[in-house]
There are 4 protein chains.
Amino acid sequence: MALGYSVHAFGRLFSRMYTSGASSDLVGFIGLGNMGLPMARNLMAKGHRLVVYDTVKTQVDAAVSDGAIAATGPSEVAKQATTICTMLPASQHVRDVYTSPGGIFSAVQSGSLLIDCSTIDRDSAIEMSELAKENNTQYIDAPVSGGVGAATNGLLTFMLGGPDDCYERAKPLLEKMGKNVFHCGENGAGQATKICNNMLLAIEMIGTSEVLLMAQNLGLDPKLCSKVINASSGRSWSCDTYNPCPGVMENVPSSRNYEGGFGTGLMRKDLTLAQAAAVGSKSVTPLGAMALHIYNLMCQHGFEKKDFSSVYKFLEQEN
Amino acid sequence: MALGYSVHAFGRLFSRMYTSGASSDLVGFIGLGNMGLPMARNLMAKGHRLVVYDTVKTQVDAAVSDGAIAATGPSEVAKQATTICTMLPASQHVRDVYTSPGGIFSAVQSGSLLIDCSTIDRDSAIEMSELAKENNTQYIDAPVSGGVGAATNGLLTFMLGGPDDCYERAKPLLEKMGKNVFHCGENGAGQATKICNNMLLAIEMIGTSEVLLMAQNLGLDPKLCSKVINASSGRSWSCDTYNPCPGVMENVPSSRNYEGGFGTGLMRKDLTLAQAAAVGSKSVTPLGAMALHIYNLMCQHGFEKKDFSSVYKFLEQEN
Amino acid sequence: MALGYSVHAFGRLFSRMYTSGASSDLVGFIGLGNMGLPMARNLMAKGHRLVVYDTVKTQVDAAVSDGAIAATGPSEVAKQATTICTMLPASQHVRDVYTSPGGIFSAVQSGSLLIDCSTIDRDSAIEMSELAKENNTQYIDAPVSGGVGAATNGLLTFMLGGPDDCYERAKPLLEKMGKNVFHCGENGAGQATKICNNMLLAIEMIGTSEVLLMAQNLGLDPKLCSKVINASSGRSWSCDTYNPCPGVMENVPSSRNYEGGFGTGLMRKDLTLAQAAAVGSKSVTPLGAMALHIYNLMCQHGFEKKDFSSVYKFLEQEN
Amino acid sequence: MALGYSVHAFGRLFSRMYTSGASSDLVGFIGLGNMGLPMARNLMAKGHRLVVYDTVKTQVDAAVSDGAIAATGPSEVAKQATTICTMLPASQHVRDVYTSPGGIFSAVQSGSLLIDCSTIDRDSAIEMSELAKENNTQYIDAPVSGGVGAATNGLLTFMLGGPDDCYERAKPLLEKMGKNVFHCGENGAGQATKICNNMLLAIEMIGTSEVLLMAQNLGLDPKLCSKVINASSGRSWSCDTYNPCPGVMENVPSSRNYEGGFGTGLMRKDLTLAQAAAVGSKSVTPLGAMALHIYNLMCQHGFEKKDFSSVYKFLEQEN
């Protein structure tokens, strides 16, 4: 273990030597799940020293084995780092990590930058940003688009909500984990943009699945039909990049029994956030509402862990 | 009139002189509406001599002034041409033009090729193909994607349903009117593919409209939100090429009060065909069904003549 | 067989002795399934002599054991009876029984009354009525509302489509099998009324299920909530007579694991007919369309044989 | 003013003389709109002395002319009465009347009973009940079913949420304004039950409208079709008591151009509350969601002030 640590320390030294633009300051990272861990690894691979925390010890150990320093809780992270990323499952976890007695705000250093990459409701994001101001810190909501693969390969898209200077400050760090960093507006705008994109994605994925199933019922070949659609006005990412019909494309979840990818349960979560926002803002979203209920039904009928493109399977007729 | 004819004859002679690959045989063209007339003009511009018919005399006159020969009815066209294109509003017109006493089948020459570019129900297309066989002729369904602009500029997409030899025979002619000619399968497959694409298009256009309206209700800029979506998994033709929100893109119907483009009434027609096919084939299409009823409501509330992207306007909240 | 016949003849003699108003003529009955057999039994119990046919021999045997005469096919029935009831699963069976070489029309006696109690599409019903006219007979569409229980207890509701004299002629016979005989209009009107009622029923059953599930998620008691609804503007047959929530009412399918009653597969069939009619008649039916797709999904996920009120179960959240 | 008071005092004396069971204590009533004023009048007609407040002076004057005492604000009502009814448009008004500096809680007497008849979100109702407890008072949510007519004729249905003793204490007063007083559960249960009923009502009204329109498109008489449905499994309050098709019933909004009744805008408000509750409680409500969006669209297309049964008109095809 001591040896292992030396090796890692050496690794960090080495990476600092050959990586230009890397900060000598510690960066905090809280939330080392399926998404958070590969994101943290990309930061380390690009020269950052990380102080990390997660409630699951094995995840922390994995980060430490790559060079991270383990902290005993969010407040310990805040004491050591002035730039902190959080990547957590849902709103209540974010509230907990930021506002609980042992949370970030209990020990945060003045002038710190807090970057929340979690997908949570817009109101909570705005509330966190206001609490950050009261603590003389900056908060930016920075939810991501792209799944575990994109997180691993540093190809995430970040959608940022916060003041201009905050965006400028966060951008260089986020670019080490993603290919696109969009500034979408004031605090909350990152979360709002994220649910807009994902609601549309769900609608398009369901629509594509309906159409490719109907195509086959009408005697068409789904691969050929997809090809025509991709060259026509029905074209979308769901059809040309992530086709839900098994056999049309390789290397997508539909061709490996809908394993991996972006889970149906996570899509349900995003659609729930989207409909809460739609109802609250009096937006007329008949297809968005239907999308939520279709994903609700999928979760209730055994599809929760499958990729969200398995809606194709859910809608498919038995023989 | 005689003089006019001579001028046209000269024009045709002239075009034959400078156009390589043009057939010396007459091509028939029945149905010279908003789509049919520019399609016919493209054939003539690329060297084909046309014998044409339409029930509206001014449309026939327009074609004649460009060099076409006017016929007195479908049977007259069939007597003079062994390749005939039809471009008609709906199934009943196709049945009428092909099967009525003065229709194509009453005078068609053995071995003729009949290319129906109309969008009609798949069953009618299959029925026409069977009647064609009984008359020792070939029939191919060849509905188009793309509006008046694409027809004018020869940029249509053709979706063909029929036997291989029929496809090979039709392709060179259709390439003079369009950029893509897809062979989708047996007779009826062209029509089936067309409604698959258009049903998906309607779903995506409604979804895009819902999302861009909600985005604004949540304080986002629709242009910026579209930009993020276009770089993310919500990307589609409806958002990146034909954006329904006024001001996001130039030169699309949404930026000219939804004038021109592909009419809401026509989308309703296609969605009606799609749902008839879905119900008949026991396909599960919740969003496709909802799309039909939204376009039905639009037609009932003053949007029939507007471009189909005006669903954005239909869903928009009053201030 | 001869002996059996004598016994049956005695039974018929006996029944004629104690039953007033019974016709001495044979009545034909074709289709002795779950609905047809108890309907035929009611006719016999009220004094009618029946000549019957079904493709399933055990069903014919059951009717014969109650006094019916077995025929070898529809044409044999038509030769012996001038009033014939048919109760068949779907349109194609009706077409077959009426129009095939050994069908009713091949041997029907002039002036016969043909009463089709099957639920089929309106167009087929109208077509059968026209063929009947050509054969100098009368046809009336008479689909029923009410399940196996109502059929057994003579409590069906008949919805009739046909001319006035035909209605008057059919009514006394149908009243022996049901409590209500409605004359809904010309031929096809019976079928049209049936799908109108059943489409509304499906919508109300889904709506009631959604509401009683949401009620419980909000901490309400479903029995008490149903009681309030039944005294308020949300009242409907689905809530006050056939409540889909287990435990609210006794003696309904929801209280016996959704066994018995009116099957989900049959509701899907009726909703398919309804949507074909809606699309064909350009009717705007967003909830009717959604109802079809929900029942489609139920059939695809194991609910086909359950009572149609099991939509409650299909929508229910797992714990 | 002094004179006026004497007259009112005389009126109260007089009413106490002829009304048995009337309390000699003042009852507070805040919110004298279309619903509140007739409710207050029923209390006065049945012997109660009222101290009232509304922001609209003419409404207060109307109550005063019937014998009520005008207060200058909610806190003044709370100083004079220990039983207070509130009947307000929406959640924010309730919060304001109860919690603002001049609100009820600023001056409420210990042991008072606060009965909120407004339709508001369940969470706000629960929050008010908790604030009430902190102020040593009792709060019960008591939203009503039934429109202006039921309020005027004392035929409302009350749905109560609160502790048993609170229900027992409120019941005698509410029975003077309504025919049914249901105890639905703890605080919030009244509001929850109300939105359950109204969500179901909306679904049934839309479904009935779809069906009666389709019926006519299929050649049926809507009055006859309604009669059959009312005797069958499609029966509901929307069809047998409040039929949305003009001409089927007398004395309902559909027969007077959808004037009066329960406004489309109010139904939208209730459906918005229902969907917020559905999304928040993870309830699967596809038809409830669709109902919200249909009523949203109606409000956006000129139906906001019409009775909610005008969805029939909204869905109707133009000729």
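Computed from a predicted model, the values in this text were never measured in an experiment. (Residues numbered from 1 in each chain as written. Chains lettered and ligands numbered in written order. Predicted model: local features only at pLDDT ≥ 70, side-chain atom pairs only at ≥ 80, totals over all residues. Heavy atoms only, no water.)

1. With respect to the relation of the copies chain B and chain D
Rotating chain B by 180° and moving it 0.0 Å along the rotation axis overlays it on chain D with an RMSD of 0.0 Å. The operation mapping one copy onto its partner corresponds to a two-fold rotation axis. Of the C-alpha atoms belonging to chain B, the one lying closest to the rotation axis is found on B:His301, 4.0 Å away. (Least-squares fit on C-alpha atoms with pLDDT ≥ 70 in both.)

2. Section: the packing of helix α5 (residues 91–99) of chain B against helix α6 (residues 122–134) of chain B
All names here are of chain B. Interaxial distance between α5 and α6 falls to 11 Å at its minimum, and their mutual angle equals 5°. On the basis of their axis angle, the class for α5 and α6 is roughly parallel. In contact with Ser91, Val94, Arg95, Tyr98 and Thr99 of α5, α6 contributes Ser124, Glu127, Met128 and Leu131. Class assignment for the residues of the contact of α5 with α6 results in four nonpolar, three polar and two charged. (Axes fitted to C-alpha atoms, helices over the stretch in contact; angles between N-to-C directions. Helix = DSSP H or I, 4+ residues; strand = E, 2+ residues; numbered from the N terminus. Parallel < 35°, antiparallel > 145°, perpendicular 65-115°, else oblique. Contact = heavy atoms within 4.5 Å. Nonpolar A, V, L, I, M, F, W, Y, C, P; charged D, E, K, R; others polar.)

3. Describing the pairing of strand β1 (residues 26–30) of chain D
Residue and element names in this part refer to chain D. Where burial is concerned, most of β1 is hidden: five out of the five residues are buried. Along β1, one buried face is formed by Leu26, Gly28 and Ile30 and the opposite face, lined by Val27 and Phe29, is buried too. Note: β1 against strand β2 (residues 49–53), five bridges, orientation parallel. Across the sheet, Ile30 pairs through a bridge with Tyr53, a residue of β2. Once you follow β1 into helix α2 (residues 36–45) and on to β2, the crossover reads as right-handed. As paired elements, β1 and strand β4 (residues 83–86) share four bridges and run parallel to each other. Opposite Phe29, over in β4, you have Cys85 as the bridge partner. (Buried < 20%, exposed > 50% of the residue type's maximum accessible area, 1.4 Å probe, protein only. Pairing = 2+ DSSP bridges. Right-handed = clockwise from strand over helix to strand, strands pointing away.)

4. Focus: the interface of chain B and chain D
Interface size is commonly expressed as the accessible surface area that is lost when the partners come together. Taken together, the eleven residues of chain B in the interface contact eleven residues of chain D. In this assembly, chain B packs against chain D so that about 960 Å² is buried in total across both faces, 56% of it on carbon and sulfur atoms. Counting across the interface, chain B meets chain D through zero salt bridges. In this assembly, chain B and chain D are joined by six residue pairs in polar contact (both at pLDDT 80 or more). (Buried area = accessible area lost by both parts, 1.4 Å probe. Salt bridge = Lys/Arg side-chain N within 4 Å of Asp/Glu carboxyl O. Polar contact = N/O pair within 3.5 Å; in protein donor to acceptor, adjacent residues only side chain to side chain.)

5. Overview of the side chain of B:Asp270
All names here are of chain B. By the element assignment, Asp270 lies in helix α12 (residues 264–280). Looking at Asp270, its side chain comes within polar contact range of the side chain of Asn198, at 2.6 Å. Apart from the residues lying within four places of it in its own chain, the contact partners of Asp270 are Thr119, Lys194, Ile195, Asn198 and Phe262.

6. Quick look at the nonpolar core
Most often, soluble globular proteins keep nonpolar side chains buried together rather than apart. One finds A:Tyr295, B:Tyr295, C:Tyr295 and D:Tyr295 to be the most contacted residues of the largest nonpolar core, which totals 209 residues. Setting aside its immediate chain neighbours within four residues, A:Tyr295 contacts A:Ala202, A:Met205, A:Ile206, A:Thr264, A:Met267, A:Arg268, A:Leu271, A:Phe308 and A:Val311. Counting residues in hydrophobic clusters, the runner-up holds 36 residues, among them D:Leu37, D:Ala62, D:Val64 and D:Tyr167. (Core = buried A, V, L, I, M, F, W, Y, C linked by side-chain atoms within 4.5 Å.)

7. Describing the packing of aromatic side chains
Residue and element names in this part refer to chain A. According to the stated counting rule, one finds 24 aromatic pairs over all chains in the structure shown. Between Tyr98 and Phe105, the aromatic rings sit 5.6 Å apart at their centres with planes inclined by 55°, giving tilted as the arrangement. Judged on exposure class, the residue Tyr98 and its partner Phe105 are both buried. Grouped by ring-pair contacts, the aromatic residues Trp237, Tyr242, Phe262 and Phe308 constitute a single cluster. (Phe/Tyr/Trp six-rings, centres within 6.5 Å; stacked < 30°, edge-to-face > 60°.)

8. Regarding the pattern of salt bridges
Scanning the entire structure with this criterion turns up 40 salt bridges over all chains. One salt bridge connects A:Lys306 with A:Glu259, and the closest N-O pair in it is separated by 3.0 Å. Residue A:Lys306 is found in the loop between α13 (286–300) and α14 (311–315), and its partner A:Glu259 is found in the loop between α11 (237–240) and α12 (264–280); the two are separated by 47 residues along the sequence. Using a relative accessible area of 39% as the deciding quantity, one classes A:Glu259 as partly exposed. A salt bridge links D:Lys57 to D:Asp61; the shortest N-O distance between them is 3.0 Å. Placement of both D:Lys57 and D:Asp61 in helix α3 (residues 57–65) is noted, with a separation of four residues, approximately one turn of the helix. For D:Lys57, a relative accessible area of 59% gives the class exposed. Since its relative accessible area comes to 35%, D:Asp61 is described here as partly exposed.

9. Looking at the relation of the copies chain B and chain A
With an RMSD of 0.1 Å, the operation that places chain B on chain A is a rotation of 180° combined with a shift of 0.0 Å along the axis. Take the interface residues of chain B: 100% of them recur as interface residues in chain A, which is what a same-surface contact looks like.

10. Points about the side chain of D:Thr86
Residue and element names in this part refer to chain D. Mapped onto the secondary structure, Thr86 falls in strand β4. A distance of 2.8 Å separates polar atoms of two side chains, one belonging to Thr86 and the other to Tyr98. Here Asp116 takes part through its side chain, which lies 2.8 Å from a polar atom of the side chain of Thr86. Each residue touching Thr86, except ones within four places of it in the same chain, is listed here: Ile30, Val97, Tyr98, Ile104, Ile115, Asp116, Cys117 and Ser118.

11. Notes on the interface of chain B and chain A
Across the boundary between the two partners, chain B contributes 59 residues, which contact 59 residues of chain A. Our count for the contact surface shared by chain B and chain A stands at two salt bridges. With a closest N to O distance of 3.1 Å, B:Asp240 and A:Arg235 form a salt bridge. Seen at the junction of chain B and chain A, the total is 22 residue pairs in polar contact (both at pLDDT 80 or more). Elements with a minimum of two residues in the side of chain B that touches chain A: β8 (156–161), β9 (178–185), α9 (189–217), α10 (222–230), α11 (237–240), α12 and α13 (286–300) of chain B. Looking at side-chain class alone, the side of chain B that touches chain A contains 32 nonpolar, 20 polar and seven charged residues.

12. As for helix α3 (residues 57–65) of chain A
All names here are of chain A. For α3, the complete set of buried residues consists of Val60, Ala62 and Ala63. One side of α3 carries all its buried residues, which in axial view fall inside an arc of 155°. Opposite the buried face of α3, by more than 90 degrees, sit the exposed residues Lys57 and Thr58. Looking at the buried side of α3, the elements it contacts are α2 (36–45), β2 (49–53) and β3 (69–70). Immediately beyond the C-terminal end of α3, within one or two residues, lies Gly67, with a positive phi of roughly 120°. (Arc of directions from axis to C-beta.)

13. A few points about the UniProt feature "domain: 6-phosphogluconate dehydrogenase NADP-binding" (unreviewed entry) in chain A
Summarizing the sequence annotation, UniProt attributes the feature "domain: 6-phosphogluconate dehydrogenase NADP-binding" (unreviewed entry) to residues 27–185 of chain A in the numbering used throughout. As a span, residues 27–185 of chain A carries 40% helix and 25% strand, and end to end its C-alpha atoms are 25 Å apart. (UniProt positions renumbered as here; feature names shortened; annotations may be inferred.)

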